[in-house]
Structures are given as structure tokens and as C-alpha cells.
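# Architecture at a glance
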Amino acid sequence: MAKYIAFLERADRAVWQRPDEVVAALGLRGTETVVDVGAGSGYFSFPLAKAVPKGRVIAADTEPEMLRHIHHRAMSEGITNILVRRSQPTDPGEWQDADLVFVCDVLHHVPDRAAWLRRLAGGLKPGATLVLIEFKEGKLPEGPPEAAKIPRAQLVELATSAGFVLDAEHARLLPYQTFL
């Protein structure tokens, strides 16, 4: 797990993943409750926590080691607005108090994406926002194998079929990913 955390946290990732720019694009006011589903090492959880100093970030992941890593880092750095929660691979969880649910590079790992997104939509309060980021198709220097990638049109179809409405797309921000 330590090697995977190091891979997720590597310095060159910021060049193409642009965590600060992604979080800025969300237009957070600073008081929201944000859920980072599939938080991994907390790569986005920490910039999100900085953006919501009077709110909170719930970092949810299926791997206890990832959650321990996030919890330890938050405690070590004195970050008090990050909570960790264990999630299940087939269930994104119910987040009735979430203002925004952030799902980055996760959906391509989910076997039944349509059911997973329906469960997610059904567990949110009215007006909550879903942020969905996945790798674009094609041969890219980063990302999963081509067979695992979800075409943009399919991402939109999956999300809208689950009950979400596409409100915005940041088409030019990320070179290798779709940002809905």
C-alpha cells in the first residue's frame, strides 16, 4: 500500500491532474460539506479541506490503509476538517448532508456503474452537486488501460440516467480527463 500511496502522491501528477485548479473550478464558498468518494491517499481531500475551512471533507474509501494514511496526515498537519469513512466497492454510500460529492478516477473501477450512480443519486439531498472526473479515451501518457476508460458520452448518459443534470463541464482544464 505504501508504494501505491507514493504513486498517487508523486510530484509529477500535479502537472496533469492540477488539484488546485480543479478545486478552484468548483467555486466552493468555504462552508460546504464535501465527500471525496474513493479518496485514495487524500490527493484531493486535502486541497478540498483547505477550500472549505468552515466546512468539512469526508474522505471515503474502501481501503482501510488509505483511510489510516489520510487520518494520520490530517492529525500530523493539524487539519481538523477531514473525517474518514469506510465505503464499500459496490455502494458509494448515502451522503444526505453533502453539498458536493467528488468522484475522481473512481467510476472506471466500479463493475455496475449505472447501479452505483443510482445509489449515489438516491442518497443525496436535493441540490447536491456531483463532480465526476474520468480519463479520456485514446492513448495517453497517464490513466488506466484503454478498455477501462469510459467515453465522455457514456459518462454523461450514466449520470443523467441516474438522475443527475449536467450543469457544467471544464473541458479544457485537464489534458487527460473529462471533468463534469
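Quantities reported herein were computed from a predicted structural model and do not represent experimental measurements.

The rules behind these values
- Residues numbered from 1 in each chain as written.
- Predicted model: local features only at pLDDT ≥ 70, side-chain atom pairs only at ≥ 80, totals over all residues.
- Heavy atoms only, no water.
- Helix = DSSP H or I, 4+ residues; strand = E, 2+ residues; numbered from the N terminus.
- Rg over C-alpha atoms; globule rule 2.2 N^0.38 Å.
- Buried < 20%, exposed > 50% of the residue type's maximum accessible area, 1.4 Å probe, protein only.
- Contact = heavy atoms within 4.5 Å.
- Areas by Shrake-Rupley, 256 points an atom, 1.4 Å probe, with all protein chains shown as cover.
- Lys, Arg positive; Asp, Glu negative; His and termini not counted.
- Charge placed at Lys NZ, Arg CZ, Asp CG, Glu CD.
- Phe/Tyr/Trp six-rings, centres within 6.5 Å; stacked < 30°, edge-to-face > 60°.
- Salt bridge = Lys/Arg side-chain N within 4 Å of Asp/Glu carboxyl O.
- Polar contact = N/O pair within 3.5 Å; in protein donor to acceptor, adjacent residues only side chain to side chain.

### Concerning the overall build of the chain
- Tallying secondary structure elements over the chain gives seven helices and six strands in all.
- Across the chain, helices and strands are ordered from the amino to the carboxyl terminus as α-α-α-β-α-β-α-β-β-α-β-α-β.
- Its C-alpha radius of gyration of 15 Å places the chain within 12% of the 16 Å reference for a compact globule of 180 residues.
- Taking the principal axes of the C-alpha coordinates as reference, the chain spans close to 40 × 40 × 30 Å.
- Looking at the chain residue by residue over its 180 residues, the buried ones come to 49%.
- Residue pairs in contact within the chain that sit at least 24 positions apart in sequence constitute 71% of those at least 6 positions apart.
- On the chain, roughly 9,100 Å² of surface is accessible, and the fraction owed to carbon and sulfur atoms is 54%.
- Side chains of the chain carry 21 positive and 23 negative charges; the gap between the two charge centres is 2 Å.

### Description of the packing of aromatic side chains
- Within the structure shown, the criterion is met by five aromatic pairs.
- Relative to Phe-7, the ring of Tyr-4 lies with its centre 6.3 Å away and its plane at 15 degrees, an arrangement referred to as stacked. Of this pair, Tyr-4 and Phe-7 both sit in helix 1 (residues 2-8), separated by three residues, roughly a single helical turn.
- For Tyr-4, a relative accessible area of 42% puts it in the partly exposed group.
- Ring centres of Phe-44 and Phe-102 lie 4.8 Å apart, and the angle between their planes is 50 degrees; this geometry places the pair in the tilted category. In this pair, Phe-44 is assigned in the loop between strand 1 (33-37) and helix 4 (45-51) and Phe-102 in strand 4 (residues 100-104), connecting sequence segments 58 residues apart.
- A residue is classified by how much of its surface remains accessible, and Phe-44, at 4% relative accessible area, is buried.
- When its relative accessible area of 0% is taken as the criterion, Phe-102 is described as buried.

### With respect to the side chain of Asp-36
- Secondary-structure assignment places Asp-36 in strand 1.
- There is no salt bridge for the buried Asp-36, and the closest opposite charge comes from Arg-13, which lies 8.7 Å off by N-O distance.
- At a separation of 2.7 Å, a polar atom in the side chain of Asp-36 contacts the side chain of Ser-45.
- The contact partners of Asp-36, leaving out residues within four places of it in the chain, are Phe-44, Ser-45, Leu-48, Ile-58, Ala-59, Ala-60 and Phe-102.

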